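Now for the letters of each chain:
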Amino acid sequence: MDADLQSIAAARRCAESAFTAYQNFLDTDPAHVDAIVQAMADAIEPEAARLGRMAVEETGYGNAENKRVKNLMNARGTADWLRDVTTLGTLWRDDATKIAAFGEPMGVVAALIPVTNPTSTVIFKVLSAVKAGNAIVCAPHPRGLKVGMEAVRIMSSVAEQMGAPKGLIQCLEQVTIQGTAELMSHRRTSVVMATGGPAMVKAAYSSGKPTLAVGAGNVPCYVHKSMAGELDEVAAQIVASKAFDYGTACVSEQSVIADPEIARDLRHELKLQGAYFCSTQEADRLADVIFTGKQAMNPARVGQSPERLAELAGFSLPPRTKCLVSEESQIGWHRPLTAEKLNPVLAFFEARNSDHGIELAHTIAKFEGWGHSSVVHSNDPEIIAQFASIPTGRVLVNVPAIHGGAGYATDLEPSFMLGTGTWSGSITSDNVTALHLINIKRVAYGNRPWRDIYEEYGA
């Protein structure tokens, strides 16, 4: 049997056994569900560093230490948030309107896992799905299969020890495009959670099943002149966010836009934080390394270190360089470094004035990044309000993009799946959570005489 047929057969077996486990998991006491979720999170903590190393070794993307942090962001942050959230049973009741709402599981979740975050996304989706009372089958990217299977093994093992039905948490062991498509469209699959590239998202929406999917991010970061006295902190935030895991997070900054009054000083502070400003020739060679053509990012260059990218582009870097910067004045595919770059590379724009800076941010967001996220650094409430008209689902204020967007430095819901709204073809602009994986049943009592409709509207 060839690989495609094996993968299809495996997907069918997983979907069927997951559905059986889901049925056996129904009516489990919510307190017991919470205990299972917490036990899975606790089991991940001591394995976070090992999983991070495995992810880098298998995929070649990012760095192990930051992947450890991503794993813990979910094992701790997501788990802590879920502990205080009600997903099953009575959600709320209103005695005045005589309506009560009850949460019920959706069923079997097909979870597509990206190669850029092959463990942290598994952890996030498994914790969220089980918290909502669902079964889940993970479909990793082929380059992240082994580490994805290991993350699932750790969580499924402890869940079963806690009394969860065998098969509630699974991972495809044979992955092909055809097998993943079979999992998504299978009659036992209830909902698809798709995180990955445009082709994967398109396939998920074509599966015929309800789908939660995310789009590309081209995050603009506008720095207003009111931050003149805080540029050292602004630069530290930008570099820390963009350099994190070598830029593999789509929520990290992609372009920095500075008001003319502070542009020179911001460049200086960025350099002090480890940013290297490329010459025009270096930037052009870097673009040729990162992209293979229009709208074609070279997958071999994703999540690579600044040193490796510079080596491939034929120039050298000073010690302790954390990210590369290209000075830009135009936006579009004729200047490819103004698009999304899943590596530690930033575009830098000097605006003519504040209005122009905000206009540039809007243009960048609309170019390859509608609906995702944007960042503004400002102490002027009017500027922030003006900037907030940008077409992105998250407008982050005075925080690093990755820390703010994922819900660590802000009170947004902790999530490794950030919806991009109808701007880019997604059903939600929310930070996706377990609350997106339940059906809400409303029980409504009569609250007014039904015959009055004839007097009120005539009959």
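This text follows the structure it describes.
Predicted model, so just to flag it, every value in this text is computed and none were measured.

Novice: Which residues make up the pattern of salt bridges, and what are the values?
Specialist: Opposite charge on two side chains allows them to pair when their charged atoms are near. On inspection of all chains with the given rule, the structure shows 20 salt bridges. D95 serves as the salt-bridge partner of R93, at 3.1 Å between the closest nitrogen and oxygen. Pair check on accessibility: R93 and D95 agree, each one exposed. Overlapping salt bridges bring together E47, R50, E150 and R153 as one network.

Novice: Describe in detail the pairing of strand β3 (residues 108–113), supporting the description with residues and values.
Specialist: Counting buried residues in β3 gives six out of six residues, a clear majority hidden from the surface. Residues of β3 alternate between two faces, with V108, A110 and L112 on one and V109, A111 and I113 on the opposite face, all of them buried. Pairing between β3 and strand β4 (residues 135–140): six bridges, direction parallel. The partner of V108 across the bridge, within β4, is A135. As defined by bridge partners, β3 adjoins strand β6 (residues 189–194) across five bridges and the pair is classed as parallel. If you follow A111 over to β6, its bridge partner there is M193.

Novice: Would you mind going over the sheet that holds β4 in detail, with residue names and values included?
Specialist: Across the sheet, five strands lie side by side as β5-β4-β3-β6-β7; this open sheet has parallel pairing. Since the sheet does not close on itself, it has two edges, and those belong to β5 (169–171) and β7 (211–213), each with one partner. Recorded for the sheet is a direction-independent mean angle of 15° between the axes of neighbouring strands. Judged from the three bridges that link them, β6 and β7 form a sheet pairing that is parallel. Paired with A194 across the strands is A213, a residue of β7. Here helix α5 (residues 120–131) sits on the sheet in contact with β3, β4, β5 and β6, set at roughly 170° to β3. Together, β4 and β5 form the strand contacts of helix α6 (residues 145–161), whose direction differs from that of β5 by roughly 165°.

Novice: So what's going on with the side chain of S326? Which residues, and what values?
Specialist: Mapped onto the secondary structure, S326 falls in strand β13 (residues 323–327). By relative accessible area, which is 0% here, S326 ends up buried. A polar contact is formed between the side chain of S326 and the side chain of E328, at a distance of 2.7 Å. Once you skip the residues sitting within four places of it in the chain, S326 turns out to touch A283, R335, L337, L346, A347 and F348.

Novice: An account of unusual backbone geometry is requested, with residue identities and associated values reported.
Specialist: One non-glycine residue with positive phi stands out, namely Y246, at about 55°. Mapping Y246 onto the fold places it in the loop between α9 (231–243) and β9 (253–258). Here N398, not a glycine, exhibits a phi torsion of approximately 60°, which is positive. Inspection of the secondary structure puts N398 in the loop between β16 (392–397) and α15 (401–405). The class of N398 is partly exposed, set by a relative accessible area of 26%.

Parameters and conventions
- Residues numbered from 1 in each chain as written.
- Predicted model: local features only at pLDDT ≥ 70, side-chain atom pairs only at ≥ 80, totals over all residues.
- Heavy atoms only, no water.
- Salt bridge = Lys/Arg side-chain N within 4 Å of Asp/Glu carboxyl O.
- Buried < 20%, exposed > 50% of the residue type's maximum accessible area, 1.4 Å probe, protein only.
- Helix = DSSP H or I, 4+ residues; strand = E, 2+ residues; numbered from the N terminus.
- Pairing = 2+ DSSP bridges.
- Axes fitted to C-alpha atoms, helices over the stretch in contact; angles between N-to-C directions.
- Contact = heavy atoms within 4.5 Å.
- Polar contact = N/O pair within 3.5 Å; in protein donor to acceptor, adjacent residues only side chain to side chain.

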